[in-house]
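What follows is each chain in one-letter form.
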Amino acid sequence: MGRQSPEPLVRRFTHRNEQQQNETALASQQSKTSATQSKPESRAIEALKQLFCGGAAGSVAKTVTAPLSRLTILYQVHPMVTTKEHRPKFSMTIRGGISKIVERGGVLSLWKGNGTSVLHRFPFSAINFYVYEGVMDLLNGPQRLSDDDEDDITNDKEVSTFSRLFAGAAAGTTACVACYPLDLVRTRLTTQLENKESYRGISDAFVKIVRNEGFVGLYAGLAPTLMVAVPNFSISWMVYGSLKEYALEDELFYNLRKVDAGTGEEKLGFLLTLMCGAASGTLSTWVTFPFDTVRRRMQIQGQHFAPEERISASQMIRTLLKKDGIKGFYRGITPEVMKVIPMVGTMFTVYEYLKDQLLTSN
């Protein structure tokens, strides 16, 4: 009997390989189908967690930086309310400004209006983060290169700079309009001088504003506020996202990354998060601060001026430019920039930490 030809053996081996490949492909398809069917529920839960993470991060950051925030606002509006024409500045130095606040109302007065600020910041930050994530999903698909997978080179769902810019603008606008009345009340409570209070608290402020200025009084200064919010969040999200992506790809920052123990994925370490957040916050602050000064002054007009003495945003800009020049728009910029690193660093760090804890706890 002659030696058997190896061809049948080769055919059997090839057939077995094809069968194994088909079984593997079928299992993969079934896994994807199962994941797709469970996606609506998981996405809804993820959205709720994002709401909580964004709100908590904003509230913590706002409380940490409340003294500098109040000092910034007092610098911005002081020329409108002072009776001393020869002293247009609230204080000549940051230390002097803080001392002045403490002397008038004690240490806790540095956090005056912070309760309203937290009430405003929690829904504001929550809506901001949630809308941003939602718009990014809408523009790039739910399977986009997410914050947790930016280092995954096999993911072809790259995120464009335009999508970050647009998503940031949409998020800032939505959050601003939804929470604006709280922002206005917060500004008025923050700028009240000791023993000269117009409002006894949040609810009293809402009642008196509606009674004296009408419902529209709650939205005084909304236009210049949107001129702050839209570019502010657009620039902040775009710069932060771009810097984060760069830091995860460039080997220069290798030692500053951290590796997830469970998945082995590289993520931003604390220092990188702080650096990216601070850079985005500083740039957006310098670009939008002039409009922030205008909006703060618009917000307190109803508190300090009769209806016939109030002016529009465009008139406010012309008056400020004529009286103080360009520098008048940047009055209070120093404490505002000083708070950027602790503010943005705390916000993004807390957000990333809570998101890591909650979104990976399924």
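Scoring rules and cut-offs
- The residue count restarts for each chain, going from 1 along the sequence in the order it is written.
- In keeping with the predicted nature of the model, local features appear solely for residues at pLDDT of at least 70, side-chain atom pairs appear and are counted solely at 80 or more, and the whole-chain, interface and lining totals rest on all residues.
- Calculated side-chain values reflect all of the structure's heavy atoms, with hydrogen atoms and water omitted.
- Helix and strand assignments come from DSSP, with helices taken as H or I runs of at least 4 residues and strands as E runs of at least 2, each series counted from the N terminus.
- One fewer than the residue count of a helix, multiplied by 1.5 Å, yields its expected span.
- To get the bend at a residue, fit one axis to the 7 residues ending there and another to the 7 starting there, then take the angle between the axes.
- For this analysis, a ring pair means two rings from Phe, Tyr or Trp (six-membered ring only for Trp) whose centres lie within 6.5 Å, classed as stacked if their planes differ by under 30 degrees, edge-to-face if by over 60, and tilted for the remaining angles.
- Buried means the residue's accessible area, taken with a 1.4 Å probe over protein chains only, is under 20% of the maximum for its type, while exposed means over 50%, and partly exposed covers the values in between.
- By definition in these notes, contact holds between two residues if any of their heavy atoms fall within 4.5 Å.
- Residue-level confidence of the predictor, termed pLDDT, takes values from 0 up to 100.
- Buried Ala, Val, Leu, Ile, Met, Phe, Trp, Tyr and Cys residues that are joined via side-chain atoms within 4.5 Å together make up what is termed a nonpolar core.
- Axis lines are fitted to C-alpha atoms, over the contacting stretch for helices. Their N-to-C directions set the angle, which ranges from 0 to 180 degrees.
- We call a crossing left-handed when the near helix sits turned anticlockwise from the far one by less than a right angle, and right-handed when that turn is clockwise.
- Residue polarity is assigned by list, with Asp, Glu, Lys and Arg as charged and Ala, Val, Leu, Ile, Met, Phe, Trp, Tyr, Cys and Pro as nonpolar; anything else, Gly included, falls into the polar class.
- Space inside and on the surface of the protein is sampled on a 1 Å grid over the protein atoms alone, with a cavity defined as a set of points where a 1.4 Å probe fits but cannot get out and a pocket as an open set with protein on both sides within 12 Å along at least 5 of 7 lines; lining residues have an atom within 4 Å of a point.
- Grid points are joined across faces, edges and corners, and a volume is the space filled by probe spheres set on the points.
- Distance thresholds for patches are 9 Å for like charges and 5 Å for nonpolar side chains (Val, Leu, Ile, Met, Phe, Trp, Tyr), applied to residues having over 30% relative accessible area and no salt bridge.
- Under the convention used here, a 1.4 Å probe and the Shrake-Rupley method define accessible areas, while residue burial counts only the protein chains that appear.
- Every case where a carboxyl oxygen of Asp or Glu lies within 4 Å of a side-chain nitrogen of Lys or Arg is listed as a salt bridge.
- Oblique is the label for any angle not covered by the other classes, which are roughly parallel (under 35 degrees), roughly antiparallel (over 145) and roughly perpendicular (65 to 115).

As a further point, take helix H8 (residues 270–304). The first and last C-alpha atoms of H8 sit only 44 Å apart over 35 residues, clearly below the 51 Å expected at 1.5 Å per residue. At threonine 288, H8 shows its largest bend, some 55°, and a proline, proline 290, comes one to four positions later.

With that settled, consider the packing of aromatic side chains. Per the stated rule, a full pass over the model turns up four aromatic pairs. With a centroid separation of 6.0 Å and 50° between ring planes, the pair formed by phenylalanine 215 and tyrosine 219 is classed as tilted. Of the residues examined, phenylalanine 215 reaches a relative accessible area of 56% and is grouped as exposed. What makes tyrosine 219 partly exposed here is its relative accessible area of 27%. Ring centres 5.6 Å apart and planes at 35° place the aromatic pair tryptophan 286 and tyrosine 330 in the tilted group. Residue tryptophan 286 is found in helix H8, and its partner tyrosine 330 is found in the loop between helix H10 (326–329) and helix H11 (333–338); the two are separated by 44 residues along the sequence. Put simply, the rings of Tyr180, Phe215 and Tyr219 touch in pairs and so form one group of aromatic residues.

This paragraph deals with the environment of threonine 225. Inspection of the secondary structure puts threonine 225 in helix H7 (residues 222–249). Sequence separation of threonine 225 and valine 177 is 48 residues, and the distance between their C-alpha atoms is 9.2 Å. In contact with threonine 225, other than residues within four places in its own chain, are Cys176, Tyr180, Arg295 and Gln299.

It is worth spelling out the confidence of the model for the chain at this point. Looking at the chain as a whole, its pLDDT mean stands at 77, while 77% of the residues score no less than 70. Per-element confidence in the chain is highest for H11, whose mean pLDDT is 91, and lowest for helix H1 (residues 7–64), whose mean pLDDT is 60. For residues 1–14, every residue scores under 50 in pLDDT, and the model assigns this stretch zero contacts once sequence neighbours within four places are set aside.

Judged by nonpolar contacts, the single largest core of 41 residues is most densely connected at Leu268 and Phe348. Secondary-structure elements contributing two or more residues to this core are H1, helix H4 (114–140), helix H5 (161–190), helix H6 (202–213), H7, H8 and helix H12 (340–359). If we ignore the near neighbours within four places in the chain, the residues touching phenylalanine 348 are Phe129, Ser236, Trp237, Tyr240, Thr273, Gly277 and Ser280.

Here we take up the packing of H8 against helix H9 (residues 313–324). To describe two helices that pack against each other, one gives the angle between their axes and the distance between the axes. Relative orientation of the contacting elements H8 and H9 amounts to 115°, with a least axis distance of 10 Å. Every pair of crossing elements has a handedness; the one defined by H8 and H9 is right-handed. Taken together, the residues of H9 that come into contact with H8 (itself represented by Thr293, Val294, Arg297, Met298 and Gln301) are Ala313, Met316, Ile317 and Leu320. When the residues that make up the contact of H8 with H9 are grouped by side-chain class, the tally is six nonpolar, two polar and one charged.

To continue, consider empty space enclosed by the protein. By the definition in use, this model includes four cavities of 30 Å³ or more. Its boundaries defined by the atoms lining it, the largest cavity holds a volume of some 670 Å³. Take the lining of the largest cavity: its biggest share by element is eight residues, from H8. Considered class by class, the residues forming the lining of the largest cavity number 14 nonpolar, 13 polar and nine charged.

Along the polypeptide, alanine 57 turns up in helix H1. Residues alanine 57 and valine 350 lie 293 residues apart in sequence; the distance between their C-alpha atoms is 5.1 Å. Setting aside anything within four residues of it in sequence, one finds alanine 57 in contact with Met347, Val350 and Tyr351.

Time to look at a nonpolar patch on the surface. A cluster of nonpolar side chains, contributed by Leu256, Phe270, Leu271 and Met275, occupies part of the molecular surface with about 370 Å² of accessible area. In this fold, leucine 271 is placed in helix H8.

Time to look at the pattern of salt bridges. Taken as a whole, this structure holds nine salt bridges when the rule is applied. With its nearest N and O atoms 3.9 Å apart, the salt bridge here joins arginine 186 to aspartate 183. With arginine 186 and aspartate 183 both in helix H5, this residue pair falls three residues apart, about one helical turn. Both residues of the pair, arginine 186 and aspartate 183, belong to the buried class. With relative accessibility at 4%, the residue aspartate 183 sits in the buried group.

We now examine the side chain of serine 117. With respect to the secondary-structure elements, serine 117 resides in helix H4. Leaving out residues up to four positions away in the same chain, serine 117 has contacts with Lys62 and Arg186.

Right, let's get into the environment of valine 64. Take valine 64: it is sitting in helix H1. For valine 64, a relative accessible area of 47% translates into the label partly exposed. Taking the C-alpha atoms as reference, valine 64 lies 10.0 Å from asparagine 114; in sequence the two are 50 residues apart.

Okay, the packing of H5 against H7 next. The interhelical angle for the contact between H5 and H7, taken along N-to-C directions, is 140°, at an axis separation of 7 Å. As summarised for this structure, H5 and H7 are arranged oblique, according to the angle between their axes. Between H5 and H7 the crossing geometry is right-handed. Of H7, the residues touching H5 (which contributes Thr161, Arg164, Leu165, Gly168, Ala169, Gly172, Thr173, Cys176, Val177 and Tyr180) are Leu222, Thr225, Leu226, Ala229, Val230, Phe233, Ser234, Trp237, Met238, Gly241, Ser242 and Glu245. Among the residues making up the contact of H5 with H7, the classes are represented as twelve nonpolar, eight polar and two charged.

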